[in-house]
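Coordinate inspection notes
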Amino acid sequence: MKSERERQLMEQAYAEIEKYQDLVHRDPYRLRYHLMPPVGLMNDPNGLIDWNGTYHVFYQWMPFRTGHGAKFWGHYTSPDLVHWQAEPIALAPSEWYDQNGCYSGSAIDDDGKLVLFYTGNVKDDQGNRQTYQCMAVSEDGIHFTKKGVVINLPDGYTAHFRDPKVWRKDGLWYMIIGAQSKSGDGKAVLFRSSDLCHWEHLGPIAGGNSKWLGPFGYMWECPDLFPLDGQDVLIVCPQGLQPDGMRYQNVYQSGYFVGRLDYGRAEFVHGPFEELDRGFEFYAPQTMLDRNGRRILIGWMGVPDQNEDRQPTVGHRWVHALTLPRELRLVDGKLRQTPVKELKQLRKQQVAYPNAVVANELRSWPGVEGDAIELRLDRIQLLGSMMEIHFRHAARLIYNSDEGVLTLERKSFVNGLTETRQCRLPRLRSLHVFLDTSSIELFVNDGEETFTARFFPYPDDRTMFFGAHGHLQMDIEKWEL
Ligand code: FRU
């Protein structure tokens, strides 16, 4: 059952979709095969779950403008992670405990019911914040009934306490929450429950200024903790890290620690922080375990407070999108991300150039171009100092083999100047690229590194050029999507 207020808010949001749908769909930068908001602003993916044979992705949604505010939960479903259907709005910020936003959270199956946990965000007239961890339940996976608050803010933390991720282990439920301690450190905080309604605070399992880590940001958002290939992985989004060489170049970061969670002592023994993605727009990822035992990650193709109001799509009354679903593996202690194999269903016409050569020149191949394409470069052999790929005159990937550095350059959508993101890469063996009308996702060496970014080429520019100082040979395959 929904309250009158929740019904009203949903009606207003549907009216907004209706009102702006022509404007939104006329945007040449509207993506062809990524999840986007129907109107307004989309941020974090929420509630990822493979439930009763259907994949569910919820998302943070502001229907009334292209800025942040009192978030709704939008909802998409898919049979296969490729074909998505928009579902009715799942949650609207209607109650005293979530009136300034149904903030991020997660989904679980409880005995055949689809249960959501999310953060109720409340701000008073003076801007003072309150935070409540809330629950909502559905029998059919489409219509949700709010059950109210299950966790109040425990002592020791500020009201920056949010984004519950819940999972089951040995017959008990666990929840991890992103937090700021009273002393100003980012933390990941663990809770335990036997009935999903009563939660015991077990304490911070990881965070800045702890046994395992020095100062590490003033707030950790969107934690996720899961076992993978024999270890435990903790994903978090720390806010407040300073740029450090090629690292931490975005306003806020998104990364992970590999280690082991000692459930008894509520302690996560872990190694160093690794960024998940090297690109310009990637944040707040969440994972789910699917029917085939795969750990699948979807992230937000955006970063808070990073010039988002300047993205060209704002003129068409929408902003941001989600990344493609990626399968995670742990190889030599590092996460590898590869696009899920179901995405092959998107492939249309193919062109292939085995043993393609670039020798001290900038060149192209017939058909190796486009605005919504998949590109594979395999068996890359570079005898020379540098190779590059130009994407539609708006982004460029450069590999400097002398330095072992891979660089993604793009034309800034704020001032047209060139900006870069980089990572170390001793050898470049393969590249797997997904271009959509205004996004690029790069998977390097079978997912050892990824770069995710929005970019805004002239819509009619479909060009792609390949260059090398020296001799470059590779197998090229390209599909229209
Ligand atoms: C991360 C985040 C979360 C919060 C949500 C609000 O992008 O700030 O911490 O729950 O977005 O939309």
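Residues numbered from 1 in each chain as written. Predicted model: local features only at pLDDT ≥ 70, side-chain atom pairs only at ≥ 80, totals over all residues. Heavy atoms only, no water.

Glancing now at the overall build of the chain. Each helix and strand in the chain was counted, giving one helix and 31 strands. Here the chain has a C-alpha radius of gyration of 22 Å; the compact-globule value for 481 residues is 23 Å, and the two agree. Taking the principal axes of the C-alpha coordinates as reference, the chain spans close to 65 × 55 × 45 Å. The buried share of the chain, taken over its 481 residues, is 62%. Of the contacts made within the chain by residues no fewer than 6 positions apart, 59% connect residues no fewer than 24 positions apart. Accessible surface, the chain: about 18600 Å² in total, of which carbon and sulfur atoms supply 47%. Between the averaged position of the 53 positive side-chain charges in the chain and that of its 64 negative side-chain charges there is a distance of 1 Å. (Helix = DSSP H or I, 4+ residues; strand = E, 2+ residues; numbered from the N terminus. Rg over C-alpha atoms; globule rule 2.2 N^0.38 Å. Buried < 20%, exposed > 50% of the residue type's maximum accessible area, 1.4 Å probe, protein only. Contact = heavy atoms within 4.5 Å. Areas by Shrake-Rupley, 256 points an atom, 1.4 Å probe, with all protein chains shown as cover. Lys, Arg positive; Asp, Glu negative; His and termini not counted. Charge placed at Lys NZ, Arg CZ, Asp CG, Glu CD.)

So, on to the UniProt feature "domain: Glycosyl hydrolase family 32 C-terminal" (unreviewed entry) in the chain. Within this numbering scheme, the UniProt entry marks residues 343–466 as carrying the feature "domain: Glycosyl hydrolase family 32 C-terminal" (unreviewed entry). From the first C-alpha to the last, residues 343–466 spans 25 Å; its make-up is 0% helix and 60% strand. (UniProt positions renumbered as here; feature names shortened; annotations may be inferred.)

With that out of the way, let us pick up the UniProt feature "domain: Glycosyl hydrolase family 32 N-terminal" (unreviewed entry) in the chain. When the UniProt feature table is mapped to this numbering, "domain: Glycosyl hydrolase family 32 N-terminal" (unreviewed entry) covers residues 34–339. Between the C-alpha atoms that bound residues 34–339 there is a distance of 13 Å. The span itself is 0% helix and 54% strand.

Looking now at the environment of aspartate 475. Counting through the fold element by element, aspartate 475 comes out in strand β31 (residues 464–480). In this structure aspartate 475 comes out as buried when scored by relative accessible area, which is 19%. Sequence separation of aspartate 475 and aspartate 378 is 97 residues, and the distance between their C-alpha atoms is 5.1 Å. Leaving out residues up to four positions away in the same chain, aspartate 475 has contacts with Tyr353, Pro354, Asn355, Arg376, Leu377, Asp378 and Arg379.

Let us now look at the site of the ligand. Around the ligand lies a shell formed by Asn43, Asp44, Gln60, Lys71, Tyr103, Ser104, Arg162, Asp163, Glu221, Cys222, Tyr283 and Trp300. Here an oxygen atom of the ligand sits 2.8 Å away from a polar atom, N or O, in the side chain of arginine 162. Its free accessible area being 320 Å², the ligand has 92% of it covered by the protein chains. Of the residues belonging to the shell around the ligand, the class tally is four nonpolar, three polar and five charged. (Near = heavy atom within 4 Å. Polar contact = N/O pair within 3.5 Å; in protein donor to acceptor, adjacent residues only side chain to side chain. Nonpolar A, V, L, I, M, F, W, Y, C, P; charged D, E, K, R; others polar.)

What follows is about the nonpolar core. Counting 39 residues, the largest nonpolar core has Tyr33, Trp61, Phe72, Leu343 and Phe434 as its most contacted members. Contributing elements (two or more residues each) for this core: α1 (4–25), β1 (40–51), β2 (54–62), β3 (72–78) and β19 (295–300). The leading source of residues in this core is α1, at six residues. The two domains that each donate at least three residues to this core are domain 1 (4–339) and domain 2 (347–480). Beyond its immediate chain neighbours, meaning those up to four positions away, tryptophan 61 contacts Ala13, Ile17, Pro37, Pro38, Val39, Leu41, Ala70, Lys71, Phe72, Gly74 and Ile89. The next biggest cluster of nonpolar side chains, apart from the first, holds 36 residues, and it includes Leu375, Cys423, Leu431 and Val444. (Core = buried A, V, L, I, M, F, W, Y, C linked by side-chain atoms within 4.5 Å. Domains from an automatic or database assignment.)

Attention shifts here to the pattern of salt bridges. Tallied over the full model, the rule gives 35 salt bridges. Linking glutamate 16 and arginine 317 is a salt bridge whose minimum nitrogen-to-oxygen distance equals 3.2 Å. Placement of glutamate 16 in helix α1 and of arginine 317 in the loop between β19 and β20 (318–319) is noted, with a sequence separation of 301 residues between them. Residue arginine 317 is classed as partly exposed on the basis of its relative accessible area of 21%. Because the salt bridges share partners, they merge into one network encompassing Arg32, Glu369, Asp371, Arg462, Lys478 and Glu480. (Salt bridge = Lys/Arg side-chain N within 4 Å of Asp/Glu carboxyl O.)

Take the domain arrangement of the chain next. Bring the parts together and some accessible area is lost; that lost area is often taken as the interface size. Domain annotation of the chain identifies domain 1 (4–339) and domain 2 (347–480). Computed over C-alpha atoms only, the centres of domain 1 and domain 2 are separated by 30 Å. Taken together, the contact pairs 36 residues of domain 1 with 36 residues of domain 2. Of all residues in domain 1, Met246, Arg278 and Phe280 bury the most surface against domain 2, accounting for 25% of the area lost on that side. Run the count over domain 1 and domain 2 and you get six salt bridges. Where lysine 334 meets glutamate 449, a salt bridge forms, and the shortest distance between an N and an O atom there is 3.3 Å. (Buried area = accessible area lost by both parts, 1.4 Å probe.)

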